[in-house]
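Here's the letter readout for the chains.
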Amino acid sequence: MYSLAPHHSFGLPSLASEFLSINIPVDLKAQLSELGDVTFYILGEGSNTIFLENYQGTIIKPAFMGIDLKQTETYFLLKVGASENWHNLVLWCMQRNIDGFENLASIPGTVGAAPIQNIGAYGVEIEKFIHHVEYYDLNTKSHNSIGSTACEFTYRSSVFKKRLSDNIIITSVTFAIPKDWRPVTNYGELKGLLKPSAKDIFNKVVDVRMQKLPDPSKIGNAGSFFKNPIIAFKQYNKLQQSWPSIPSYAVDNVSVKIPAAWLIEQLGFKGKKIGGIGCHPHQALVLTNDGSGTGEQLLQLARAIKTAVLSEFTIELENEVRLIGKKGPIVL
């Protein structure tokens, strides 16, 4: 048995039957064939996965590294191994004056997880930069490539969380970063920046995230536990009658995004605990493990929050973090 506590940032005590590391994409077919029909789970850095209990299967941890830079007149083209750390890639680009990723600094996880989640922050989503994604298809046992449009990106989702969910292993991501850089400062704390450089934005984002989010090396957490819900303007206008200060961000002509943290905070969950699992006292969107928490306690608190928000606001929260039980994903 292999301990999974060091392999997911929430740090719950859990074990796996087997643990397999694969370093080269071309080795996938041979090494996976040796597993036969054994149940397995593909794990990156574990910053968006919580193992709630012992996993009765094999953990596959790819180690696909490397950064290859090419250029055209208008773009930097970066082919990056799926196992590279995302924030380290942002730093790598900043050091070479390749600007564009600065709003996405300090997001935990790997490069391979970026298109799956369509990671985003401070007005920028990664779909803006993705050229194509290379992956290994577990069903056809073949290597494939998919272009940005076919990735079907939406808010915190993609084809990799839908049709291709659990059927592929991403091996690399190629980004096309425009050389004609323009700052994005129309969101949150970035609005106060005047004529900022990419480095100014990067520093501000890192500073804000350090203040808002707990360090997983000090207290177990998986970042934002819930997605920010998107609702129709009609529902939002109705909610405003009871909650005049409810914040929102326009998504399109018919819908708005509501900060999940605000909804949770209004219901008094900030600082609440069930055993060793708590709702962070400074950021209601983050659930934490003080080192003594259990998977059952986490489910109790998360479900209590989800039920209360649905009852009060008629909004159903969806967890952003993947919850894994003994046989695979668990529905909250």
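Everything below is about the structure printed above this text.
Our subject in this report is the structure included herewith. (Residues numbered from 1 in each chain as written. Predicted model: local features only at pLDDT ≥ 70, side-chain atom pairs only at ≥ 80, totals over all residues. Heavy atoms only, no water.)

### Thoughts on the packing of helix H2 (residues 86-95) against helix H4 (residues 198-212)
Thought 1: With their axes 11 Å apart at the nearest point, H2 and H4 run at an angle of 155 degrees to one another. Our classification of the angle between H2 and H4 gives roughly antiparallel. Pair H2 / H4 crosses with left-handed handedness. Seen from H2, the contacting residues are His 87, Val 90, Leu 91 and Met 94; seen from H4, they are Ala 198, Lys 199, Phe 202 and Val 206.
Thought 2: Split into classes, the residues belonging to the contact of H2 with H4 amount to six nonpolar, one polar and one charged. (Axes fitted to C-alpha atoms, helices over the stretch in contact; angles between N-to-C directions. Helix = DSSP H or I, 4+ residues; strand = E, 2+ residues; numbered from the N terminus. Parallel < 35°, antiparallel > 145°, perpendicular 65-115°, else oblique. Left-handed = near helix turned anticlockwise from the far one by under 90°. Contact = heavy atoms within 4.5 Å. Nonpolar A, V, L, I, M, F, W, Y, C, P; charged D, E, K, R; others polar.)

### Examining the pattern of salt bridges
Thought 1: For the structure on display, the rule yields nine salt bridges.
Thought 2: Glu 189 is the partner of Lys 212 in a salt bridge, and the nearest nitrogen-oxygen pair spans 3.0 Å. Pair noted here: Lys 212 is in helix H4 and Glu 189 is in the loop between strand S12 (168-178) and H4, with a separation of 23 residues, a long-range link.
Thought 3: Taking relative accessible area as the criterion, Lys 212 reaches 35% and is therefore assigned partly exposed.
Thought 4: Accessibility expressed as a relative area gives 31% for Glu 189, which makes it partly exposed.
Thought 5: With its nearest N and O atoms 3.1 Å apart, the salt bridge here joins Glu 318 to Lys 227. In this pair, Glu 318 sits in the loop between helix H7 (295-313) and strand S20 (322-324) while Lys 227 sits in the loop between strand S13 (220-224) and strand S14 (230-232), placing the two residues 91 residues apart along the sequence. (Salt bridge = Lys/Arg side-chain N within 4 Å of Asp/Glu carboxyl O. Buried < 20%, exposed > 50% of the residue type's maximum accessible area, 1.4 Å probe, protein only.)

### Concerning the layout of surface pockets
Thought 1: Quantified by volume, the second largest pocket comes out at close to 160 Å³.
Thought 2: Ranked by residue count, the leading element in the lining of the second largest pocket is helix H1 (residues 28-33), at three residues.
Thought 3: Among the residues forming the lining of the second largest pocket, the class breakdown is five nonpolar, two polar and two charged. (1 Å grid on protein atoms, 1.4 Å probe; cavity = no way out; pocket = protein on both sides within 12 Å on 5 of 7 lines; lining within 4 Å. Points joined across faces, edges and corners; volume = space filled by probe spheres on them.)

### Remarks on the packing of aromatic side chains
Thought 1: In this structure the tally under the stated criterion is 13 aromatic pairs.
Thought 2: With a centroid separation of 6.5 Å and an interplanar angle of 65 degrees, the aromatic rings of Tyr 41 and Tyr 55 are classed as edge-to-face. Here the residue Tyr 41 occupies a position in strand S3 (residues 40-42), and Tyr 55 occupies one in strand S5 (residues 55-62), the gap between them amounting to 14 residues.
Thought 3: A relative accessible area of 6% means that Tyr 41 is categorised as buried.
Thought 4: Over the face of the ring belonging to Phe 76 we find Lys 179, whose NZ or CZ atom lies 5.1 Å from the ring centre.
Thought 5: Its end group placed over the ring of Phe 269, Lys 272 keeps NZ or CZ at 5.8 Å from the ring centre. (Phe/Tyr/Trp six-rings, centres within 6.5 Å; stacked < 30°, edge-to-face > 60°. Lys NZ or Arg CZ within 6 Å of the ring centre and 35° of its normal.)

### Some words on unusual backbone geometry
Thought 1: A positive phi angle is found at Asp 166, which is not glycine, with a value near 65 degrees.
Thought 2: Considering the arrangement of structural elements, one finds Asp 166 in the loop between strand S11 (142-147) and S12.
Thought 3: Phi is positive for Thr 314, close to 55 degrees, though the residue is something other than glycine.
Thought 4: Checked against the element boundaries, Thr 314 lands in the loop between H7 and S20.

### Structural notes on H4
Within an α-helix, residues lying three or four positions from one another point in the same direction, as the helix has 3.6 residues per turn.
Thought 1: Given a rise of 1.5 Å per residue, 15 residues ought to cover 21 Å, and the 21 Å separating the end C-alpha atoms of H4 matches this to within 8%.
Thought 2: Considering only its buried residues, H4 is in contact with H2 and strand S8 (120-121). (Expected span 1.5 Å × (residues − 1).)

### As for the sheet that holds S12
Thought 1: Reading across from one edge, S6-S7-S12-S10-S11 is the order of the five strands in this open sheet, with antiparallel pairing throughout. The open sheet is flanked by strand S6 (67-71) and S11, the only strands paired with a single partner. Strand-to-strand twist in this sheet, taken as the mean axis angle between neighbours without regard to direction, amounts to 15 degrees.
Thought 2: Where strand S10 (residues 130-137) lies against S12, seven bridges are found, and the strand directions are antiparallel. Directly across from Tyr 135, in S12, lies its bridge partner Ile 170.
Thought 3: In the packing of H2 onto the sheet, the strands contacted are S6, strand S7 (75-81) and S12, and the crossing angle to S7 comes to about 145 degrees. (Pairing = 2+ DSSP bridges.)

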